[in-house]
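Listed below are the residues making up each chain.
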Amino acid sequence: MREVEAGRIRIDGPVNLYLPETLQVRDQGFRAPVRVINLMDHSAGFEDRALGQLIERDLRRERPMVEYLRQERPQRVHAPGAMASYSNYGAALAGEAVAYVTGKPYEQLIEEEIFAPLGLRHTTFREVRAAGKDLAAPMPAYMARDVSQGFRWTDAGFKARPYELLGHIAPAGAASSTAADMARYMAALLNDGALDGATLFGPRAAKAFRTPIRQVPEGINGWAYGFITYDLPGDHRGYGHDGATLSFVSRMVVIPDLKLGVFISTNTETGGELVRRFPDRLVRQFYLRPQIFPRAGSPALAAQAKRYEGDYLGSRRAYGGLEGFIGLLRAGVKVEVSPEGRLLTSAGGETHAWVPEGDPAQGRFISATDDQRLAFIMENGRARAMLGAIGEQTYERTTIWREGGLMSILAGLTLLCAVATFAGIFVRNRREFRETSIQNRAGLIQNIQSILWLTSFSLFGVWLSKTGDTANVMYNWPGASLRIASACAVVSAVLTLITAVAVPAVWRGGRRVDSWSQIRKAGFTFTVLTYLGFSILLLLWGALEPWRG
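A brief look at the structure comes next. Since the structure is predicted, the reported quantities are computational estimates derived from the model, not experimental observations. (Residues numbered from 1 in each chain as written. Predicted model: local features only at pLDDT ≥ 70, side-chain atom pairs only at ≥ 80, totals over all residues. Heavy atoms only, no water.)

All right, on to the overall build of the protein then. If you tally the helices and strands in the protein, you get 16 helices and 17 strands. Structurally, the protein occupies a C-alpha span of about 100 × 65 × 55 Å along its principal axes. Taking all 549 residues of the protein together, the buried fraction comes to 49%. Sequence-distant contacts in the protein: of pairs separated by 6 or more residues, those separated by 24 or more amount to 64%. For the protein, the exposed surface amounts to about 26,200 Å²; the carbon and sulfur share of it is 56%. (Helix = DSSP H or I, 4+ residues; strand = E, 2+ residues; numbered from the N terminus. Buried < 20%, exposed > 50% of the residue type's maximum accessible area, 1.4 Å probe, protein only. Contact = heavy atoms within 4.5 Å. Areas by Shrake-Rupley, 256 points an atom, 1.4 Å probe, with all protein chains shown as cover.)

Here is the structure:
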């Protein structure tokens, strides 16, 4: 916004005007260019990729930001401005645009223009590491000795995690700070950019930071110019930002009408709920009258359950490859309505209850136990999409082939067929070995497929067993077990095409005494159809791309 106020960047200008040629955003089938304002409200339309590259622990894998942004370019999956879906890549691209326009490395630019004028002596985008070629200088020693360790909570207690390197995407998450420095920063924001005689920004930026770019339903957080706008209890409005890495979770909220700034950060991944709810709880505790919880359900909602019930898929995910496959498995939210008239959302093993806020048909809900909101986008009296309280992505109602339930059913049937086929090798009656040459070859192929599917499922299970610690997934993505599981599935899917072609010949068979029984023919056909359906679904979900993490 300093560059916008100075006239060096146009807020509605294509971002390519402010980027080196190697980083310019490609069309990828979209005619409208990505504009600066799309980066500020996260509506550029990028998919969100993270695994194996967003956070590093090995200095040898660190890259300069320009190189990272060029090599990890995401797909554009939505038209610019169509929807807000948080993008770390977009945030970093905005930072690089400012660095390119000013001709200064990002870390140096922020130090000179923001940290130094505000007296933030313990805030930096530099990191605790050895010096590296073409990388920004490391964090000064006087700061490095105070850096917090990150932890993971386990059954055996806290387990330390390695230092997280994000310098390659610095504007999106590499900052380290103290509560005291964040207090000075929030004081400057509350005072329209001025603090102790220094002026950080002018009235245009001050207004922009408090003005939503896009309209969202009341109670749903939206986007101002780079900041999240927060709907708080008692109709108070704030702005600020959330942050999360593997181990650290933070939230900063400034509330102008209360002259209040709240900053909270935890150094363990399980601190997310505390961080997200703390500002709301603080405002309710000290500025509002007590509220009785839980809120009662609505009989009217129970009668309108079909409007909302179904599976919804978040937009903040990868849209292809193995990461896209895992994203589809984990990005879904199941919506149900209880007999008591509460709307239930289930994701990641957690369930939250909501009650209507006003007419149930309007699609606005409030948490049964706190002040979070949920809003549905209605179309012809039925929910088409859902916006969560944080507002960082849109959850769209899924088509049947993207529903986790269908994947579970086909996976279960495939596993059952593979086990039955493999067991049949050893328990089949000798008379069932009478067969034509085509049946012999078709049976051999299905035996091979059973081994491939069982291997694939076993290796996927091995991979799943290591996902309890998110850091294992991030740093070791995709891992040999997942790649081999996918490769086995690819080979089995190809063999399914061969067996599908052979089905008519298998049924024609030969003389009754030299051919499979009707039951075995039916079992073969059922197995072919099951494998075919499962293979098609895996293909659509991106699971048959072992070469593409």
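Here the narrative resumes, following the displayed structure.
We now examine the sheet that holds strand 6 (residues 228-232). Across the sheet, five strands lie side by side as 5-6-7-8-9; this open sheet has antiparallel pairing. The strands lining the two open edges of the sheet, one partner per strand, are strand 5 (222-223) and strand 9 (260-266). Relative to strand 6, strand 5 runs antiparallel, the two being bridged by two bridges. Bridge pairing links Gly222 to Thr229 in strand 6. Against the sheet, helix 7 (residues 179-190) makes contact with strand 7 (236-244), strand 8 (249-255) and strand 9, and its axis sits at roughly 30° relative to strand 8, the strand it touches most. The sheet strands contacting helix 9 (residues 272-287) are strand 6, strand 7, strand 8 and strand 9, and the helix crosses strand 9 at an angle near 150°. (Pairing = 2+ DSSP bridges. Axes fitted to C-alpha atoms, helices over the stretch in contact; angles between N-to-C directions.)

Bringing the pattern of salt bridges into the picture now. Inspection of the entire model under this criterion finds 31 salt bridges. Among the salt bridges present, the one from Arg126 reaches Glu111, with a minimum N-O distance of 2.7 Å. Of this pair, Arg126 sits in the loop between helix 5 (106-118) and helix 6 (141-144) while Glu111 sits in helix 5, and the two are 15 residues apart along the sequence. Residue classification places Glu111 among the partly exposed positions, given a relative accessible area of 23%. Salt bridges sharing common partners tie together Arg152, Arg161, Glu269 and Asp469. (Salt bridge = Lys/Arg side-chain N within 4 Å of Asp/Glu carboxyl O.)

The antiparallel closed barrel is built from eight strands, whose spatial order is 10-11-12-13-14-15-16-17. Taking each pair of neighbouring strands and ignoring which way they run, the sheet shows an average axis angle of 30°. Bridge count between strand 10 (residues 310-314) and strand 17 (residues 394-397): three bridges; the pairing is antiparallel. In the strand pairing of strand 17, Leu313 is matched with Glu396.

A cluster of nonpolar side chains, Phe422, Ile425, Phe426, Val427 and Ile451, forms an exposed patch at the surface whose accessible area comes to about 500 Å². Broken down by element, the nonpolar patch gets its largest block of residues, four residues, from helix 12 (residues 404-427). According to the relative accessible area criterion, Val427 is exposed, its value standing at 67%. (Patch = residues over 30% accessible without salt bridge, like charges linked within 9 Å, V, L, I, M, F, W, Y side chains within 5 Å.)

Using the criterion set out here, one finds 23 aromatic pairs in the structure. Relative to Phe158, the ring of Phe151 lies with its centre 6.0 Å away and its plane at 70°, an arrangement referred to as edge-to-face. One aromatic cluster in this structure is built from Phe325, Phe460, Trp463, Trp477 and Trp541. One Lys or Arg, Arg317, reaches over the ring of Tyr319 and ends 4.0 Å from the middle of that ring. (Phe/Tyr/Trp six-rings, centres within 6.5 Å; stacked < 30°, edge-to-face > 60°. Lys NZ or Arg CZ within 6 Å of the ring centre and 35° of its normal.)

Okay, the side chain of Thr394 next. Counting through the fold element by element, Thr394 comes out in strand 17. A relative accessible area of 9% places Thr394 in the buried class.

Moving on: helix 5. Relative to the 18 Å expected for 13 residues at 1.5 Å per residue, helix 5 spans 17 Å between its end C-alpha atoms, a close match to the ideal helical length. Approximately 35° is the largest bend angle found in helix 5, and it occurs at Glu112. Among all positions of helix 5, only Tyr106, Glu107, Leu109, Ile110, Glu113, Phe115 and Leu118 are buried. Here the buried face of helix 5 lies against helix 1 (2-5), helix 3 (65-71), helix 4 (88-102), helix 7 and strand 3 (194-195). Looking one or two residues past helix 5, Gly119 carries a phi angle of roughly 70°, positive in sign. (Expected span 1.5 Å × (residues − 1). Bend = angle between axes of the 7 residues up to and from the residue.)

On to the state of the cysteines, then. This structure, assessed with the given rule, holds zero disulfides. The cysteine Cys417 is free of any disulfide, with Cys488 supplying the nearest cysteine sulfur at 18 Å. (Disulfide = S-S within 2.5 Å.)

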